[in-house]
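# Descriptive analysis of the structure
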Amino acid sequence: MSEDVRLVAWVRGRVQGVGFRWFTRAKALEIGGLSGFALNLDDGRVQVVAEGPRSGCESLLEWLQGDDTPGRVDGVTEIWDTPRGGYDGFAIR
């Protein structure tokens, strides 16, 4: 059985105004089993919070760090934690 985790990632680069949050939500739904959100921050970064199986969160993080995202990702900072719950699906905020 896979342990559930919480991933919080801050994505920097040209990630606002390019559909980044929409594609992040689509990827999370494609992976399946993840809940959370993607949020534009005032400093130009996108914050992604995902909870679910570790393997799913790792897949989402790998995608965030890869070359298949819209815009341009210059870097991703992440922290791992225990799930807090309270999310209904994966939202764009």
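This is a predicted model, so every value here is computed, not measured.

### Digging into the UniProt feature "active site" (unreviewed entry) in the protein
On the UniProt side, "active site" (unreviewed entry) is annotated at positions that read Arg21 and Asn40 here. Judged by maximum C-alpha separation, these annotated positions cover 20 residues in sequence but sit close together in space, the widest gap being only 7.8 Å. Mapped onto the secondary structure, Arg21 falls in helix α1 (residues 20-31). Looking at Arg21, the relative accessible area reads 24%, which means it is partly exposed. Excluding anything up to four places from it in sequence, Arg21 contacts Ala38, Leu39, Asn40, Val46, Ile92 and Arg93. In this structure, Asn40 sits in strand β2 (residues 35-40).

### Observations concerning the sheet that holds β2
As summarised here, the arrangement of the five strands in space is β4-β1-β3-β2-β5, forming an open sheet in which the pairing is mixed. Looking at the sheet topology across the chains shown, the edges are occupied by β4 (72-81) and β5 (90-92). The sheet shows a mean angle of 15° between the axes of neighbouring strands, direction not considered. Pairing analysis gives six bridges linking β2 to strand β3 (residues 46-53), with the strands arranged antiparallel. By the bridge assignment, Ser35 is partnered in β3 with Glu51. Packing of α1 onto the sheet brings it into contact with β1 (4-14), β2, β3, β4 and β5, and relative to β5 it is tilted by some 175°.

### Here's the deal with the side chain of Gln47
As for its placement among the helices and strands, Gln47 is situated in strand β3. In contact with Gln47, other than residues within four places in its own chain, are Val8, Ala9, Trp10, Phe37, Ala38, Leu39 and Leu41.

### Regarding a nonpolar patch on the surface
On the surface, Trp22, Phe23 and Ile92 cluster together into a nonpolar patch covering about 320 Å² of accessible area. Examined against the element boundaries, Phe23 turns out to sit in helix α1. Assessed through its relative accessible area of 41%, Phe23 is described here as partly exposed.

### Here's the deal with the nonpolar core
Ranked by size, the top nonpolar core spans 19 residues in total, and within it Val11, Val48, Leu60 and Leu64 carry the most contacts. Counting residues per element, the ones that place at least two in this core are β1, α1, β3 and α2 (54-65). Of the residues forming this core, the biggest block, five residues, is contributed by α2. Dropping the residues within four chain positions of it, Leu60 is found in contact with Thr24, Lys27, Ala28, Ile31, Leu34, Val48 and Ala50.

Conventions we followed
Residues numbered from 1 in each chain as written. Predicted model: local features only at pLDDT ≥ 70, side-chain atom pairs only at ≥ 80, totals over all residues. Heavy atoms only, no water. UniProt positions renumbered as here; feature names shortened; annotations may be inferred. Helix = DSSP H or I, 4+ residues; strand = E, 2+ residues; numbered from the N terminus. Buried < 20%, exposed > 50% of the residue type's maximum accessible area, 1.4 Å probe, protein only. Contact = heavy atoms within 4.5 Å. Pairing = 2+ DSSP bridges. Axes fitted to C-alpha atoms, helices over the stretch in contact; angles between N-to-C directions. Patch = residues over 30% accessible without salt bridge, like charges linked within 9 Å, V, L, I, M, F, W, Y side chains within 5 Å. Areas by Shrake-Rupley, 256 points an atom, 1.4 Å probe, with all protein chains shown as cover. Salt bridge = Lys/Arg side-chain N within 4 Å of Asp/Glu carboxyl O. Core = buried A, V, L, I, M, F, W, Y, C linked by side-chain atoms within 4.5 Å.

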